Amino acid sequence: MLLSRVARTRLRLTTPSHLRTRAQNFHSTKDSGPNSSGNLKRYIATASVASTSGIWWFVSNRNDATCDDAPHLDRPPAEHWDVEPGPSEEQVARIISQEAFSVPVRNVPGVSRYDGAQLASNSPCEDRFTHGKCPSPWDEGNQWMVWAVFDGHLGCQTAELLKNHLLPFVRHSLSQVTPPSTGESVPEDMVQSAIQKGFVKLDDSIIKAAFQTAQSEDSLQEKVKKLAPAYAGSCALLSIYDSITSTLHVACTGDSRAVLGQRRPDGSWEAIPLSVDQTGKNTEEIARLRKEHPGEEDMIKNGRVLGLAVSRAFGDCQWKWPLEFQHEMKRRFNGPTPLTPRYDVRTPPYLTAEPVVTSTKIDSGKPSFLIMATDGLWDMLSNQQAVNLVGKWLESGAAGKDNNNPVPAYGSFDFGRFGEGMDWKFEEERTTVQDNNVAVHLMRNSLGGNHHELIAGRLAFSSPSSRYVRDDMTVQVAFFNVPDSRNE
C-alpha cells in the first residue's frame, strides 16, 4: 500500500503544468458540479491518463546520451558454456598465498620469525586471527609475543569480536595478578588462572549483555548488531610467549589446536601437543558434561553436544541461555531457533568458554616451533605429520629445492576415487616443498601436495559447496631458536 501511494505521488509530481491545466479545464466544462460522482470519476481517469502521458513525455524528450543505456540481450544460444578453467599451478599458488604473511622478529629473545596464512571456504570466511607483540603485564619494558586463531561457526561475528577483545580481557586479568615480592616470576598456575578468568569474563559479557540489550532503549538495528556475537559462536586458541621466563602459555577453547615441534638429538622432530580438542568425542569432556548434567543421557550423541561438535565455545547462546529467554529473543529479535524440541534441553548452560591452559618451557638449546591452526588443517593432518612437514620445509633450505624430484604420474581423477580406497587426507608420497611461507606449505600439503588435480579440484569449488571438500583454514607457525636462514 505504501509503495502504491509513493508511486502515485511521483506520477503527479512529474505531470507537466500544461497537462494539469487541460485536466482542470476538462473537469470545469463537462461536469455539473465539483462534488458530483461523475465529475470525480472523470477527473481521476483524466488525471491518470495525463500523468502517464506526462511520464512518457518526460522520458522521451530527454536528449542526453545516457538515456539509451539498456543492455542488448540478443545473443544466440551458445553451444558451449563460457566457463573459466580450474586453477592452474600458478593460480593455486596465488590462491593459497593471498592472505599469507611472514614476520621477522628482531627484539624478542628466542623468537626468530613467524609465518601465517588463511584460506576461506565459507563466504565470508568465519575464521579470524591476530598476532604481534605486547608489553608484559608486570614489566612494560619486556615484550611478549602473542598469536591467536579464532574458528567461528554460525557466522563470523563472534570470531571478529574475539579478534578485537580477547587479548585486552586476558591482559587486564593478568595485570590483576601481583608478582611475588621476592622478585621471582609469577607462578604458572596463577598465570593460567588469570588467562582462564579473562576468557570467561569476555564470554559472560557476550551472553549476559543480551539481557541488558533486550531491555535497553537502543534502536532495533543497534540491538540486532549487539546480539549477533551471542547468536554465532567461535573457538579460541591463544598462545602467549613470556620471553623473560621462556614460557609458552597456550589457552584452548574448542577444537583449534596447538602443537610444538622440537628437534631431537638425532635430527628428527618430536610432536608435543599443547592443546587437546574439546569436542563431544573427547572422553574427558564427556565425563565433565555428564557430571554437570546428570541424567541427561541424550545430551551427547555421535560425538556432538546437543548437535554441536565442540564442547567449549564462545557465544552459542542456544546452548547457554534459559529456554524462556531464547523464545523471547526469537520472537522479539529473530534470534536463533531454540534447540527444543529437536533436542532435550533441560539444564543450560551446556557450553563454557573456560579454556584449558598449558605452560611449556622453551629450551633455548633445542630448535623448536609452534604450529597453531583451526580444525580445517587438522581435519587433514595429524600432529606428527604437520611437525614433519615443517621439519622438511626447514631442512630443504629454500623453497622449491625438491622441484627437481619427479612428480608421480597421477591418472585420471574424480572425487569418487575417495570411496575406492584413496585417502582424502594427507599422504606422505604427495609431499612437496615449493612455498617460502611455511603456513602456506602446510595448507598446500594438507589439500593435495604435488597432486595438482586434487588440490586444484578442491579450490575450484566455491561456497557453499566448497564446505564438502575443505573447511576454512587459518595457520600460524612461530620459530624458537631457529635461525631465519631464508631471510639471510
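What counts as what
- Residues numbered from 1 in each chain as written.
- Predicted model: local features only at pLDDT ≥ 70, side-chain atom pairs only at ≥ 80, totals over all residues.
- Heavy atoms only, no water.
- Helix = DSSP H or I, 4+ residues; strand = E, 2+ residues; numbered from the N terminus.
- Buried < 20%, exposed > 50% of the residue type's maximum accessible area, 1.4 Å probe, protein only.
- Contact = heavy atoms within 4.5 Å.
- Areas by Shrake-Rupley, 256 points an atom, 1.4 Å probe, with all protein chains shown as cover.
- Pairing = 2+ DSSP bridges.
- Axes fitted to C-alpha atoms, helices over the stretch in contact; angles between N-to-C directions.
- pLDDT = per-residue confidence, 0-100.
- Disulfide = S-S within 2.5 Å.
- Salt bridge = Lys/Arg side-chain N within 4 Å of Asp/Glu carboxyl O.
- Core = buried A, V, L, I, M, F, W, Y, C linked by side-chain atoms within 4.5 Å.
- Expected span 1.5 Å × (residues − 1).
- Bend = angle between axes of the 7 residues up to and from the residue.
- Polar contact = N/O pair within 3.5 Å; in protein donor to acceptor, adjacent residues only side chain to side chain.

Overview of the overall build of the protein chain
- Each helix and strand counted, the protein chain has 13 helices and 15 strands in total.
- Scored against the burial criterion, the 488 residues of the protein chain give a buried share of 45%.
- Of the contacts made within the protein chain by residues no fewer than 6 positions apart, 71% connect residues no fewer than 24 positions apart.
- Looking at the protein chain as shown, the accessible area adds up to about 26000 Å², and 52% of this sits on carbon and sulfur atoms.

Details of the sheet that holds strand 9 (residues 269–273)
- Strand order in the open sheet formed by six strands is 1-2-15-14-8-9, and the pairing between neighbours is antiparallel. Either end of the sheet is taken by a strand with one partner, and the two such strands are strand 1 (101–104) and strand 9. Strand-to-strand twist of the sheet, defined as the mean angle between neighbouring strand axes without regard to direction, takes the value 15 degrees.

Quick look at the confidence of the model for the protein chain
- The predicted model of the protein chain has a mean per-residue pLDDT of 86, with 82% of residues at 70 or higher.
- Here residues 1–37 scores under 50 on pLDDT; set against residues more than four positions off or in separate chains, the count is 25 contacts.
- This model gives residues 39–59 a pLDDT under 50, and the stretch forms 20 contacts once residues within four places in sequence are excluded.

Focus: the state of the cysteines
- Under the counting rule described, the total for this entry stands at zero disulfides.
- Distance from the sulfur of C252, which forms no disulfide, to the nearest cysteine sulfur (C235) is 7.5 Å.
- Using a relative accessible area of 1% as the deciding quantity, one classes C252 as buried.

Overview of the pattern of salt bridges
- In the structure shown here, the tally under the stated rule is 15 salt bridges.
- Between R444 and D435 there is a salt bridge, with the nearest N and O atoms lying 2.7 Å from each other.
- With a relative accessible area of 6%, D435 lands in the buried category.
- Between D471 and R467 there is a salt bridge, with the nearest N and O atoms lying 3.3 Å from each other.
- Under the relative-accessibility criterion, D471 is labelled buried at 13%.
- If you follow the salt bridges from partner to partner, you end up with E285, R288, E292 and R312 in one network.

Description of the nonpolar core
- By size, the foremost hydrophobic cluster in this structure holds 37 residues, and its most contacted members are L166, V170, I195, F199, F314, W321 and M329.
- Of all the secondary-structure elements, those providing two or more residues to this core are strand 4 (143–153), helix 5 (157–175), helix 6 (188–215), helix 7 (220–231), strand 6 (236–242) and helix 9 (323–333).
- A total of nine residues in this core trace back to one element, the largest contributor, which is helix 6.
- In this structure, I371, L442, A456 and L459 belong to the second largest nonpolar core, which totals 34 residues.

Re helix 5
- Over its 19 residues, helix 5 extends 27 Å from the first C-alpha to the last, a length consistent with the 27 Å expected when each residue adds 1.5 Å.
- For helix 5, the principal kink sits at H165 and spans about 45 degrees; a proline, P168, occurs within the next four residues.
- The set of residues buried in helix 5 consists of T158, A159, L161, L162, L166, V170, S173 and L174.

Considering the side chain of T158
- On the secondary structure map, T158 appears in helix 5.
- In this structure T158 comes out as buried when scored by relative accessible area, which is 0%.
- Polar contacts involving the side chain of T158 include one to the main-chain carbonyl oxygen of P229, which spans 2.7 Å.
- When neighbours within four sequence positions are excluded, T158 is seen to be in contact with P229, A232, G233, S234, F314 and G315.

Focus: unusual backbone geometry
- In this model, S123 is joined to P124 through a cis peptide bond whose omega is 0 degrees.
- Along the polypeptide, P124 turns up in the loop between strand 2 (111–119) and strand 3 (127–135).
- Here T340 and P341 are connected by a cis peptide whose omega angle stands at 0 degrees.
- If you trace the backbone, P341 turns up in the loop between helix 9 and strand 13 (356–361).
- The backbone of L154 shows a phi angle near 60 degrees, a positive value even though the residue is not glycine.
- If you trace the backbone, L154 turns up in the loop between strand 4 and helix 5.
- Given the relative accessible area of 53%, L154 is considered exposed.
- One non-glycine residue with positive phi stands out, namely N302, at about 55 degrees.
- Inspection of the secondary structure puts N302 in the loop between strand 10 (300–301) and strand 11 (304–305).

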